[in-house]
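Fold and geometry: a report
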2 protein chains.
Amino acid sequence: MDTLTVSLGERSYPIYIGSGLLSRPDLLRQHVAGDQTMTVSNEIVAPLYLARLDEAVSGFRHDAVILPDGEQFKNLDTLNSVFTALLEKRHDRGTTLVALGGGVVGDITGFAAASYQRGVDFIQVPTTLLAQVDSSVGGKTGVNHPLGKNMIGAFHQPRCVVIDTDTLDTLEDRQMSAGLAEVIKYGLIEDESFFAWLEENIEALMRRDKDALQYAICESCASKARVVADDERERSGRRARLNLGHTFGHAIETGTGYGAWLHGEAVGCGMVMAADLSRRMGWLDAGDVARIRNLVRRARLPDEPPASMDADRFTSLMSVDKKVQRGRLRLVLLRAVGDAMVSDDFDAGALRATLEAA
Amino acid sequence: MDTLTVSLGERSYPIYIGSGLLSRPDLLRQHVAGDQTMTVSNEIVAPLYLARLDEAVSGFRHDAVILPDGEQFKNLDTLNSVFTALLEKRHDRGTTLVALGGGVVGDITGFAAASYQRGVDFIQVPTTLLAQVDSSVGGKTGVNHPLGKNMIGAFHQPRCVVIDTDTLDTLEDRQMSAGLAEVIKYGLIEDESFFAWLEENIEALMRRDKDALQYAICESCASKARVVADDERERSGRRARLNLGHTFGHAIETGTGYGAWLHGEAVGCGMVMAADLSRRMGWLDAGDVARIRNLVRRARLPDEPPASMDADRFTSLMSVDKKVQRGRLRLVLLRAVGDAMVSDDFDAGALRATLEAA
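Throughout what follows, the structure given in this document is the object of discussion. (Residues numbered from 1 in each chain as written. Chains lettered and ligands numbered in written order. Predicted model: local features only at pLDDT ≥ 70, side-chain atom pairs only at ≥ 80, totals over all residues.)

Brief notes about the overall build of chain A
Helix and strand counts for chain A come out as 13 helices and eleven strands. In summary, chain A has a C-alpha radius of gyration of 20 Å against a globular reference of 21 Å for 358 residues, a match within 12%. Taking the principal axes of its C-alpha atoms as reference, chain A extends roughly 60 × 40 × 35 Å. Within chain A, the fraction of its 358 residues that count as buried is 56%. (Helix = DSSP H or I, 4+ residues; strand = E, 2+ residues; numbered from the N terminus. Rg over C-alpha atoms; globule rule 2.2 N^0.38 Å. Buried ≥ 20, exposed ≤ 12 C-beta atoms within 10 Å, placed from the backbone.)

Description of the nonpolar core
Membership of the largest hydrophobic core comes to 228 residues, with the highest contact counts inside it found for Val40(A), Ala274(A), Val40(B) and Ala274(B). In this structure, Ala274(A) is in contact with Leu244(A), Gly245(A), Phe248(A), Leu331(A), Val332(A), Leu333(A) and Leu334(A), ignoring residues within four places of it in sequence. (Core = buried A, V, L, I, M, F, W, Y, C linked by C-beta atoms within 7 Å. Contact = placed C-beta atoms within 7 Å.)

Concerning the environment of Lys224(B)
Residue and element names in this part refer to chain B. Along the chain, the position of Lys 224 falls in helix H8 (residues 210-230). With 24 C-beta atoms counted inside 10 Å, the residue Lys 224 sits in the buried group. For Lys 224 and Asp 2, which are 222 residues apart along the polypeptide, the C-alpha to C-alpha distance reads 15 Å. Excluding residues within four positions of it along the chain, Lys 224 makes contact with Asp 134, Val 137 and Gly 138.

Examining the relation of the copies chain B and chain A
Turning chain B through 180° and shifting it by 0.0 Å along the axis lays it on chain A, with an RMSD of 0.0 Å. With respect to symmetry, the two chain copies, as superposed, fit the operation of a two-fold axis. Residue Leu76(B) of chain B places its C-alpha closer to the rotation axis than any other residue of that unit, at 3.7 Å. Both copies present the same face, since 100% of the interface residues in chain B are matched by interface residues at the equivalent positions in chain A. (Least-squares fit on C-alpha atoms with pLDDT ≥ 70 in both.)

Overview of the environment of Arg335(B)
Residue and element names in this part refer to chain B. Mapped onto the fold, Arg 335 is located in strand E10 (residues 331-336). Each C-alpha atom, one on Arg 335 and one on Arg 279, is 8.7 Å from the other, the two residues being 56 residues apart in sequence. Ignoring any residue separated from it by four or fewer positions in sequence, one finds Arg 335 in contact with Trp 283, Leu 284 and Met 341.

Considering unusual backbone geometry
The backbone of Glu234(A) shows a phi angle near 60°, a positive value even though the residue is not glycine. Following the sequence through the fold, Glu234(A) ends up in the loop between helix H8 (210-230) and helix H9 (246-256). For Glu234(A), a count of 22 C-beta atoms within 10 Å translates into the label buried. Backbone geometry places Gln117(B), a non-glycine residue, at a positive phi of 50°. Note on Gln117(B): 25 C-beta atoms within 10 Å, which makes it buried.

Describing the interface of chain B and chain A
Between chain B and chain A, the contact holds 32 residues from the first and 32 residues from the second. Breaking the side of chain B that touches chain A down by element, the ones donating at least two residues are helix H3 (76-88), helix H4 (103-115), strand E7 (140-145) and strand E8 (148-155) of chain B. Across the side of chain B that touches chain A, the residue classes tally to twelve nonpolar, twelve polar and eight charged. (Nonpolar A, V, L, I, M, F, W, Y, C, P; charged D, E, K, R; others polar.)

Concerning the pairing of strand E6 (residues 121-126) of chain A
Residue and element names in this part refer to chain A. Counting buried residues along E6, six of its six residues qualify, which places the element largely inside the surrounding structure. Residue alternation in E6 divides its side chains into two sets, Asp 121, Ile 123 and Val 125 and Phe 122, Gln 124 and Pro 126, and both sets are buried. Viewed along the sheet, the connection from strand E5 (residues 96-101) through helix H4 (residues 103-115) into E6 turns out right-handed. (Right-handed = clockwise from strand over helix to strand, strands pointing away.)

In structure tokens form, the structure reads like this:
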């Protein structure tokens, strides 16, 4: 087992990464402050792992609420069903919520914890690669609005993150690929040598090689933990770089209807589009664009947006992105593999060309 | 004009109190950091004051969203209509929300500001006595759930509070009485001399005497500001004392259906019930109970719960109160006029007797 720390003063917390951690109740229990827990999971994950989690929280008064599966359910109605369960089961301010599932479960549970009785504790137990390497760490929580992804939410840090890498054994291939998009992102943003390692090991990761996965998850979480410790609320711009590919990706997710594309698929495609725009601006050379596109393809991720998304639709959807400031869209763009930056200094014509070429 | 300060380090903010302040755009404008504002108001208040507020924010890109009036609309659906307006009008992270109305508008607007794009600025412009003396100060925001009042929300402090006492001229008598419940509360909790002043001046307040109102609002806000600065997130118990009468009151509001009783009416009745329980425990003498009941009546507030609420209904609703800890209900009770405490050390039989006598 590896243990990393997200350093945020009194809100610091550990990330445990290893095989068989769902059978280590001690890890989770030491982070439950009260005498009640509410596990939030979904209809796919609960039949596989809820019984093991129930064992881990035996001794506490513990309940569970099972949500439908999919990004299309990451909304205020599903959030409200968590509140209803908490109230029906008489959970008080001392309760701890436990998110058992992927990114959608984690984001909803985290926001429920941020908002229930104006704030209770929660723990992340991510069971998809995407949630393990990205969304379970860093405290970004929330739900979607029909007009924009992740537009409603809060910064609320978990008490700990328990990553049992065995849960990846039951993950379908499409979800593995989606998770790899976020792994590739860390290499692209600030770690060329990790990107090169991924070029060597992408097939090993796809076939769930344990050692390769442990390394990739640790590298990803360590990268995320460093950035979050430095810029928790995305104020200095450092954390904003983690959104590489996300502005394009969110437009695809919103534009095609939440759930049609997995978040990681949209991010994979979005990174290629960001690379393309960077090249058109003369900031990134064509060889790097080819490296990026090639790795995205080898991870079996789409490198082109759906035909239904034309340039006008992209432009409209991107204009409500959270990174818009005073009417100016800011994007995460690349100077090289391993060197990303936030910029609003790109040419509108170049962006249009990227959107039309895609 | 009087200016008070809520001292919370870098989140400190001023409360401006006086006549004609809606015609002082300088007060509000200096607290708008970006170039956009969204005023949130309701169908009663907007026709009276929105035009004046629009003048105050001219020069900013400014929009407005008008909510239906009443506690029954303080829910996630109405909250979502604020998000929809913000997204449709392309408001970004730099926007400032302005709450123009009573407690319901302020609570919804504050929670919308806490949650929109994970947090934007907001300003309180309270137009009811209740909002001016209580809910606009201190950063408690949120909405109701059918199973419990204020169960969904956040702590999110405003950038400033602008109290134009002229807005009370258009307030209906029932709303004035409701506001006086919270004013009486400050005297009861920690200021016997203010309570005595209220006994002298309650009729002057009821007839909207300007000097009496200015004094009562300043005393109330100063009391609230001191408590919030000392215990922003209700951790030490000091802030919890501000909930005197509220656990009984919330049960009445939820039990009768939000909107049937005004919040202040329920709090008025709840304070009398808290006094009754305190007397049954031998902590408060009968003379003080009579003083309290008498002042509540003179403010034309109910001193008995509705006939539809029996003891079992109260007990069930009170068991989900936010002040429940580890299954134990905590109540704010009285040792004297001007001396409140938080306690779970009351007798269950005495509570039952209070609920049955009422």
